[in-house]
Amino acid sequence: MSFGESMGSKNDELSRRLRGLSHAMYAEVQDLLHHPTFLETRWEIHHNVCKSDHLLRSAHYAWMIAVAVRANRRTCARAGLLHDLHSRLGTWSNHGAIAASVASRLGESKDVCEAIVPHMYPLGPAPKSREGWVLVVADKIASVVDTLHFVAHLITGKSLQKRKELRATDKYMQREVAAN
Ligand SMILES: [Fe+2]
Ligand SMILES: [Fe+2]
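Residues numbered from 1 in each chain as written. Chains lettered and ligands numbered in written order. Predicted model: local features only at pLDDT ≥ 70, side-chain atom pairs only at ≥ 80, totals over all residues. Heavy atoms only, no water.

> So what exactly am I meant to see when it comes to the side chain of Glu44 here?
In this structure, Glu44 sits in the loop between helix H3 (36-39) and strand S1 (45-46). Dropping the residues within four chain positions of it, Glu44 is found in contact with Val49, Cys50, Lys51, Leu166, Asp170, Lys171 and Tyr172. (Helix = DSSP H or I, 4+ residues; strand = E, 2+ residues; numbered from the N terminus. Contact = heavy atoms within 4.5 Å.)

This is the structure:
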């Protein structure tokens, strides 16, 4: 089962385990995992995989890297979970600012929002905080793992099937199809 498929479970312990999250990390992000804005990303495509999978991977790596560089783990994990919200409304270089404004509206701290804005560096602005740098690295690693995951499951056909399903449910993709 993928990270995203387990979203919304009422059994928090099961849901935490299925996502492979530690108790400590889960406690810091539990509210976001059940927020409707995050849950919507289960139906969106990103790097050919489910966007919620990418966000969870990014948050997971950010959480692990943060301890090594003495960054704020809560800030890094929450920024990881939110950093690509509504990314298709922007470009490669400016969608961080869009996601940060969404995070701000959700009530996230200035530190979380400031870490999200430059996550596409070197495309766009450079991070100004340790947490911002953590997210830059975590997002790059997650993107590589997303691609490896997609390629690894090409053999079984699961990747193409999932991509087809996500293309059918992704509201941004549907709008692009309708516009053409
Ligand atoms: Fe991004
Ligand atoms: Fe990302």
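After presenting the structure, the write-up continues.
> Honestly, unusual backbone geometry in this entry has me stumped. Any pointers?
With the exception of glycine, the majority of residues adopt a negative phi angle, and the majority of peptide bonds are in the trans configuration. Cis rather than trans, the peptide bond between Tyr121 and Pro122 has omega equal to 15 degrees. Tracing the sequence through the fold places Pro122 in the loop between helix H7 (110-116) and helix H8 (130-152). In this model, Arg70 sits at a positive phi of 55 degrees, which is unusual for a non-glycine residue. With respect to the helices, strands and loops of the structure, Arg70 is situated in the loop between helix H4 (51-69) and helix H5 (73-82). Among the residues examined, Arg70 registers a relative accessible area of 73% and is labelled exposed. A positive phi angle, close to 55 degrees, is found at His86, a residue other than glycine. (Buried < 20%, exposed > 50% of the residue type's maximum accessible area, 1.4 Å probe, protein only.)

> Can you help me understand the coordination of the iron ion (ligand 1) in this one?
Under ideal tetrahedral coordination, the four donors around a metal are separated by 109.5 degrees; under ideal octahedral coordination, the six donors are separated by 90 or 180 degrees. In this structure, Asp84 (OD), His95 (NE2) and His119 (NE2) serve as the protein donors to the iron ion (ligand 1), at separations of 2.1 Å. A spacing of 3.6 Å is found between the iron ion (ligand 1) and the iron ion (ligand 2), which share Asp84 as a donor. You can see Asp84 sitting in the loop between H5 and helix H6 (95-105) and its partner His119 sitting in the loop between H7 and H8, a full 35 residues away along the chain. Note on accessibility: Asp84 and His119 belong to one class, buried. (Donors = N, O, S within 2.8 Å, 3.2 Å for Na, K, Ca; no water.)

> Would you take a moment to explain the coordination of the iron ion (ligand 2) for this structure?
Of the protein atoms, only His54 (NE2), His83 (NE2), Asp84 (OD) and Asp139 (OD) coordinate the iron ion (ligand 2), at distances of 2.0 to 2.2 Å. Each of the 4 donor atoms bound to the iron ion (ligand 2) contributes to angles spanning 83 to 172 degrees, and the resulting shape is irregular. All donors of the iron ion (ligand 2) come from a single chain, and their spacing in sequence reads H-x28-H-D-x54-D. When its relative accessible area of 2% is taken as the criterion, Asp84 is described as buried. (Tetrahedral: all angles 85-135°; square planar, octahedral: opposite > 155°, others 65-115°.)

> Any chance you could explain the packing of aromatic side chains here in plain terms?
We describe a pair of aromatic rings using the distance from one ring centre to the other and the angle between the two ring planes. Applying the stated criterion to the full structure yields 1 aromatic pair. Geometrically, the ring pair formed by Tyr121 and Trp133 is edge-to-face, given 5.2 Å between the ring centres and 80 degrees between the ring planes. Taken as a pair, Tyr121 in the loop between H7 and H8 and Trp133 in helix H8 lie far apart in primary sequence, 12 residues in all. (Phe/Tyr/Trp six-rings, centres within 6.5 Å; stacked < 30°, edge-to-face > 60°.)

> How should I be thinking about the pattern of salt bridges in this particular structure?
Side-chain pairs of opposite charge can arise where the charged atoms are in close proximity. Using the criterion set out here, one finds 8 salt bridges in the structure. In this structure, Glu108 engages Arg78 in a salt bridge whose closest nitrogen and oxygen atoms are separated by 2.8 Å. One end of the pair, Glu108, is in the loop between H6 and H7; the other, Arg78, is in helix H5, and 30 residues separate them in sequence. The class for Glu108 is buried, based on a relative accessible area of 11%. We classify Arg78 as buried; its relative accessible area is 5%. A salt bridge links Lys110 to Glu114, with the shortest nitrogen-to-oxygen separation between them at 3.2 Å. Taken together, the residues span about one helical turn, with Lys110 and Glu114 both in helix H7 at a distance of 4 residues. Classification of Lys110 by relative accessible area gives exposed; the value is 61%. Judged by relative accessible area, which is 41%, Glu114 ranks as partly exposed. In this structure, a network of salt bridges that share partners links the residues Asp31, Arg78 and Glu108. (Salt bridge = Lys/Arg side-chain N within 4 Å of Asp/Glu carboxyl O.)

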